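# Coordinates in review
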Amino acid sequence: QVHLVESGGGLVQPGGSLRLSCAVSGSIFSINAMSWYRQGRGNKRELVALITSGGSTNYGDSVKGRFTISRDNAKNTVYLQMNNLKPEDTAVYYCNVELSGYGYWGQGTQVTVSS
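These notes cover the structure that comes with them. (Residues numbered from 1 in each chain as written. Predicted model: local features only at pLDDT ≥ 70, side-chain atom pairs only at ≥ 80, totals over all residues. Heavy atoms only, no water.)

Another aspect to go through is the state of the cysteines. Taken as a whole, this structure holds one disulfide when the rule is applied. The disulfide partner of C22 is C95, and the gap between their sulfur atoms is 2.2 Å. Disulfide C22-C95: torsion about the S-S bond near -85 degrees, hence left-handed. A residue pair is termed long-range when its members are at least 10 positions apart, and C22 in strand 3 (residues 18-26) and C95 in strand 9 (residues 91-99) qualify at 73 residues. (Disulfide = S-S within 2.5 Å. Helix = DSSP H or I, 4+ residues; strand = E, 2+ residues; numbered from the N terminus.)

In structure tokens:
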């Protein structure tokens, strides 16, 4: 079994910062891409950021310049540093990893940006 556990969400004021973490455990032989998605209230799930096994990154247009994705392969963990948060960033954030040819999802962590 493979398990993904996100953490780091919470309530933050506009302009503030949060760092999300996603730890992968279980039967891990190799992890390819790791990514973050988010889903607002009643909205579709959208890609926030992705990092490949080689370290290349890709970001959604709405978060470019504000969010940074990184990974620690030794810890099987992916991070999302979120700076200059806006109310529009409010959503449930989900971690996704490509492992052994299959995509795995975390349970999600709530991020609320409000004054």
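Don't stop here, the text continues.
Within the secondary structure, Q39 sits in strand 4 (residues 31-39). Relative accessible area serves as the criterion here: at 27%, Q39 is assigned to the partly exposed category. Linking Q39 and S21, residues 18 residues apart in sequence, is a C-alpha distance of 17 Å. The contact partners of Q39, leaving out residues within four places of it in the chain, are K44, R45, A91, V92 and Y94. In terms of polar contacts, Q39 uses its side chain to reach the backbone carbonyl oxygen of N43, at 3.2 Å. (Buried < 20%, exposed > 50% of the residue type's maximum accessible area, 1.4 Å probe, protein only. Contact = heavy atoms within 4.5 Å. Polar contact = N/O pair within 3.5 Å; in protein donor to acceptor, adjacent residues only side chain to side chain.)

Overall, the coordinates contain two aromatic pairs when judged by the stated rule. On the numbers, 4.9 Å between centres and 70 degrees between planes, the contact of Y102 with Y104 is edge-to-face. A relative accessible area of 52% means that Y102 is categorised as exposed. Looking at R45, its charged tip hangs above the ring of Y94, at a distance of 3.8 Å from the centre. (Phe/Tyr/Trp six-rings, centres within 6.5 Å; stacked < 30°, edge-to-face > 60°. Lys NZ or Arg CZ within 6 Å of the ring centre and 35° of its normal.)

To continue, consider the pairing of strand 11 (residues 109-113). Taking every second residue as pointing to the same face, the buried face of strand 11 carries T109, V111 and V113, while none of Q110 and T112 on the other face is buried. Bridge count for strand 2 (residues 10-12) against strand 11 is three bridges, and the pairing is parallel. Of the residues in strand 11, the one forming a bridge with G10 is V111. For strand 9 and strand 11, the ladder comprises three bridges, and the chain directions are antiparallel. Paired with Y93 across the strands is T109, a residue of strand 11. (Pairing = 2+ DSSP bridges.)

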